[in-house]
Each structure stands twice: as structure tokens, then as C-alpha cells.
Amino acid sequence: MKIAKNTVVTVNYKLSDAQSNLIEDGRQPMVYLHGGYENTLPKIEEELDGKEVGYSNTIQIEPEDAFGDYDANLVKVEDRARLPEPLEIGMQFEGMPDGEDGEEEAMIFTVTEIADDKVVLDGNHPLAGMALRFELQVVEVRAASDEEIAHGHVHGAHGHHHDDEDDEGEEGDHFRTHPIH
């Protein structure tokens, strides 16, 4: 089966920076719903469109097509007292960017430095500003279920699971109440 809109694609991958420094070894395969559902980077979908099981290639994706350029305006210093304890570098919190028009959406900030009474929070994606190399190997392609298409993501193994009893809102709501490790 060829990769096309509304197929579920399983890809083994390795992610490196442009200097071939390993970032992620892809121990778990990437499983995504193909066809513009924003389940993976558009350049990966573009590369894999029309391919079949067994296809492999290494592609480089520039920052503007990956996680954007690094934005120094998304780094802010907060009083440590405003954040919960215990506090560790790498913890993530949802917050609002510093802006004047009030139209911004909440975003995830990562603790990058901790001083005695101050904490540096960075709203940039950890891979922002980096050109990325993906080693890709297609290992499975199947037709998506009607439910997967309706929800816009893969269900089942390596995909998203719905638990109706605990479904209190949209995916990601739990980030609003718990620090992310």
C-alpha cells in the first residue's frame, strides 16, 4: 500500500542535528495519520507521500520548516516564589508570553536555569533554530479507520487512546494543572 491521505504510517527514525549529533534514537517508531493532520512535520509527510514499506531516506529540514527560529523574546525571568517546589531544570509549565495585545495563546515554558530567587523560563521549542536530519524507514502502511480520520490522529498501539470516563476536555488539558516532566 502506498502512503496517501488517510493512511496510518509507521516509521523507524533517528533524529540528528545538521552536524550528525544524535538527538533522538527513535527506539519507539513514529506512528502518524498521513494527510495534513499535523501529526508530524509537513516536510516528513511530503517526503513520504506515495512511498511504500521498505522506503528509506535521510532528509534535512531547516528551522523554518521544523520548529522555527529561536526567539529571544520568548525567554523570561520569573521570581522563583511564583513557581511550585520542588523545581528542577527541564520542568515545563504552561504560561502566557509577555505581550501587550492580550491575544496570545498560552504556551509551554521550560525551566532552563535556576538561581537563588530567579528562574529562567524559555518558551522556544527545544529544537527551535536547529536544522534537523531525519533518517526515515517506512515499516508499515495501513488504511486509517473512520474513527482515526474523524479524530485526526492514530488510535491503538503507539497512537492516542481515548478513555471516555476521564475525558474532561480536549487533548492537552492536563498540562494546565500539572507540571510536565
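All of the points below concern the structure found in this document. Because the structure is predicted, anything quoted here is derived from the model rather than measured.

1. Section: a negative patch on the surface
Link 1 in the chain: Residues Glu-62, Glu-64, Asp-65, Asp-69 and Asp-71 make up a contiguous surface patch of negative charge.
Link 2 in the chain: Checked against the element boundaries, Asp-71 lands in the loop between strand S4 (56-61) and strand S5 (75-79).
Link 3 in the chain: Relative accessible area serves as the criterion here: at 31%, Asp-71 is assigned to the partly exposed category.

2. Some details on the packing of aromatic side chains
Link 1 in the chain: Summed over all chains, the structure comprises 0 aromatic pairs.
Link 2 in the chain: Sitting above the plane of the Tyr-55 ring, Lys-51 keeps its charged end 5.1 Å from the centroid.
Link 3 in the chain: A cation over an aromatic ring shows up here: Lys-76 above the ring of Phe-109, its NZ or CZ 4.5 Å from the ring centre.

3. Some details on the nonpolar core
Link 1 in the chain: If you look at the biggest cluster of nonpolar residues, it comprises 19 residues, and the most contacted ones within it are Val-11, Ile-44, Leu-48, Ile-61, Phe-134 and Leu-136.
Link 2 in the chain: Those elements that provide at least two residues to this core are strand S1 (7-17), strand S3 (30-33), helix H1 (42-48), S4 and strand S9 (132-143).
Link 3 in the chain: Of all the elements, S9 adds the most residues to this core, at 5 residues.
Link 4 in the chain: The contacts of Leu-48, once residues within four sequence positions are left out, are Ile-3, Val-11, Tyr-32, Tyr-55, Leu-136 and Val-138.
Link 5 in the chain: Counting residues in hydrophobic clusters, the runner-up holds 10 residues, among them Met-91, Phe-93, Phe-109 and Val-111.

4. Some words on unusual backbone geometry
Link 1 in the chain: Of note, the amide linkage connecting Glu-85 to Pro-86 takes the cis form, showing an omega dihedral of -5 degrees.
Link 2 in the chain: On the secondary structure map, Pro-86 appears in the loop between S5 and strand S6 (92-95).
Link 3 in the chain: With phi around 70 degrees, Asn-6 is a residue other than glycine that occupies positive phi space.
Link 4 in the chain: Examined against the element boundaries, Asn-6 turns out to sit in the segment before S1.
Link 5 in the chain: On the accessibility criterion, Asn-6 (24% relative accessible area) is partly exposed.
Link 6 in the chain: Despite not being glycine, Ser-20 has its phi angle at roughly 65 degrees, a positive value.
Link 7 in the chain: On the secondary structure map, Ser-20 appears in the loop between S1 and strand S2 (22-24).

Thresholds, definitions, all that
Residues numbered from 1 in each chain as written. Predicted model: local features only at pLDDT ≥ 70, side-chain atom pairs only at ≥ 80, totals over all residues. Heavy atoms only, no water. Patch = residues over 30% accessible without salt bridge, like charges linked within 9 Å, V, L, I, M, F, W, Y side chains within 5 Å. Areas by Shrake-Rupley, 256 points an atom, 1.4 Å probe, with all protein chains shown as cover. Salt bridge = Lys/Arg side-chain N within 4 Å of Asp/Glu carboxyl O. Lys, Arg positive; Asp, Glu negative; His and termini not counted. Charge placed at Lys NZ, Arg CZ, Asp CG, Glu CD. Helix = DSSP H or I, 4+ residues; strand = E, 2+ residues; numbered from the N terminus. Buried < 20%, exposed > 50% of the residue type's maximum accessible area, 1.4 Å probe, protein only. Phe/Tyr/Trp six-rings, centres within 6.5 Å; stacked < 30°, edge-to-face > 60°. Lys NZ or Arg CZ within 6 Å of the ring centre and 35° of its normal. Core = buried A, V, L, I, M, F, W, Y, C linked by side-chain atoms within 4.5 Å. Contact = heavy atoms within 4.5 Å.

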